[in-house]
Amino acid sequence: MTDGCYAALETADQLEAALREIGAERYHILHPFHRLLHTGRLDQGQVQAWALNRYYYQSRIPMKDAALVSRCEDRELRREWLVRVLDHDGIGDQEGGIMRWLRLCEGVGLDPAYVRSEAGILPATKFAVDAYVRFVRDRPLLEAIASSLTELFAPKIHEERIPGLLQHYPFVSEEMVAYFRRRLDQAPRDAGFALAYVREHADTPEKRQAVAEALIFKCDVLWAQLDALHHAYVLAGGVPVGAFVPQGGELGRAAA
């Protein structure tokens, strides 16, 4: 479906079908970097670069969700969405997704203090993720919620990633993939709520088009992050000054 066709969506069912088609065509599971990662064709330094840069995205998820909550006048919507913040930040003695991701980073050989410092993040990662936070903060609430709908497709990537990491990388343990196992439950719950919301509230062709375009934007955000990783660490296109360089500094070594 071309972008122009989204203006012709007349029903909630047509909208949902369009959203699922967007995911099938644009979700970052299709990116060449993920194909290399999930099939064991990256070295440890390249996996470290992925984990480090993805941490920046993970760390901003509760910030973008808190920005969305701050805009909700509906109490029930706030209560529903606040769960997402707690999922990532944790509550009380229960750790959240950010701590699980830091465990993954440490397991692949990164210093957690260095990861938290964000000193080695690629500029393109920061630009893409920060653009997502601004989108959720500034765009109409319906579009902000719609941008989360990449969660519709997340279980598939986790189902592929978990066995791929465990099978192909001896430095990856079961404990290190805890983040992904937890998201197998959380992502369908989150996606189900957001999908029901946009189906109900996108009640004009203009709103349905805006919802589709919001999901395209989010897919682009995820794709852009992998473009930066692939260019710098697989194709040896150059690592910006100050960004992470794997030990030994050997880049562009993906197995055939």
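Since we're looking at a predicted model, the values are computed, not measured.

Right, let's talk about the overall build of the protein for a bit. The helix and strand inventory of the protein stands at 11 helices and 0 strands. For the protein, the N- to C-terminal ordering of α and β elements is α-α-α-α-α-α-α-α-α-α-α. The globule rule puts the C-alpha radius of gyration for 256 residues at 18 Å, and the 18 Å found for the protein is close to it. In terms of its C-alpha atoms, the protein occupies a principal-axis envelope of roughly 55 × 45 × 35 Å. Across the protein, contacts joining residues at least 24 apart in sequence account for 76% of those joining residues at least 6 apart. With an accessible surface of roughly 11400 Å², the protein has 52% of that area assigned to carbon and sulfur atoms. Taken together, the 30 basic and 36 acidic charged side chains of the protein have centroids lying 2 Å from each other.

In this section: the nonpolar core. Counting residues in each nonpolar core, the largest one holds 81 residues, and the members touching the most others are W50, W101, L149, F180 and V198. Counting residues per element, this core draws most heavily on helix α11 (residues 205-234), at 14 residues. Sequence-distant contacts of W50, defined by excluding residues within four places in its chain, comprise F33, H34, L37, W101, L104, R161, L165, F180 and L229.

The end-to-end C-alpha separation of α11 is 42 Å, in line with the 44 Å expected for 30 residues at 1.5 Å each. Of the residues one or two after α11, A236 is the one with positive phi, at around 55 degrees.

Taken as a whole, this structure holds 12 aromatic pairs when the rule is applied. Here the aromatic rings of W50 and F180 are separated by 6.4 Å at their centres, their planes lie at 20 degrees, and the arrangement is stacked. Note that W50 is positioned in helix α3 (residues 44-71) and F180 in helix α10 (residues 178-201), a separation of 130 residues in sequence. Ring geometry for W101 against Y179: centres 5.2 Å apart, planes inclined by 90 degrees, an arrangement best described as edge-to-face. Of the two residues, W101 is situated in helix α5 (residues 97-107) and Y179 in helix α10; the sequence distance between them amounts to 78 residues.

Before going further, it helps to examine the environment of D220. Tracing the backbone through its elements, the reader meets D220 in helix α11. Exposure remark for D220: the relative accessible area of 40% places this residue in the partly exposed category. A sequence separation of 149 residues divides D220 from R71, and the C-alpha atoms of the two residues are 24 Å apart.

Here we take up a nonpolar patch on the surface. A cluster of nonpolar residues, L82, L86 and I91, forms a patch on the protein surface that exposes about 240 Å² of accessible area. By relative accessible area, I91 is classed as partly exposed at 47%.

This brings us to the environment of M63. By the secondary structure assignment, M63 is in helix α3. Here M63 falls in the partly exposed class, since its relative accessible area comes to 45%. On a C-alpha basis, the gap between M63 and G164 in space is 30 Å, while along the polypeptide they are 101 residues apart.

Rules used throughout
- Residues numbered from 1 in each chain as written.
- Predicted model: local features only at pLDDT ≥ 70, side-chain atom pairs only at ≥ 80, totals over all residues.
- Heavy atoms only, no water.
- Helix = DSSP H or I, 4+ residues; strand = E, 2+ residues; numbered from the N terminus.
- Rg over C-alpha atoms; globule rule 2.2 N^0.38 Å.
- Contact = heavy atoms within 4.5 Å.
- Areas by Shrake-Rupley, 256 points an atom, 1.4 Å probe, with all protein chains shown as cover.
- Lys, Arg positive; Asp, Glu negative; His and termini not counted.
- Charge placed at Lys NZ, Arg CZ, Asp CG, Glu CD.
- Core = buried A, V, L, I, M, F, W, Y, C linked by side-chain atoms within 4.5 Å.
- Buried < 20%, exposed > 50% of the residue type's maximum accessible area, 1.4 Å probe, protein only.
- Expected span 1.5 Å × (residues − 1).
- Phe/Tyr/Trp six-rings, centres within 6.5 Å; stacked < 30°, edge-to-face > 60°.
- Patch = residues over 30% accessible without salt bridge, like charges linked within 9 Å, V, L, I, M, F, W, Y side chains within 5 Å.
- Salt bridge = Lys/Arg side-chain N within 4 Å of Asp/Glu carboxyl O.

Any functional reading would require information that these geometric values do not contain.
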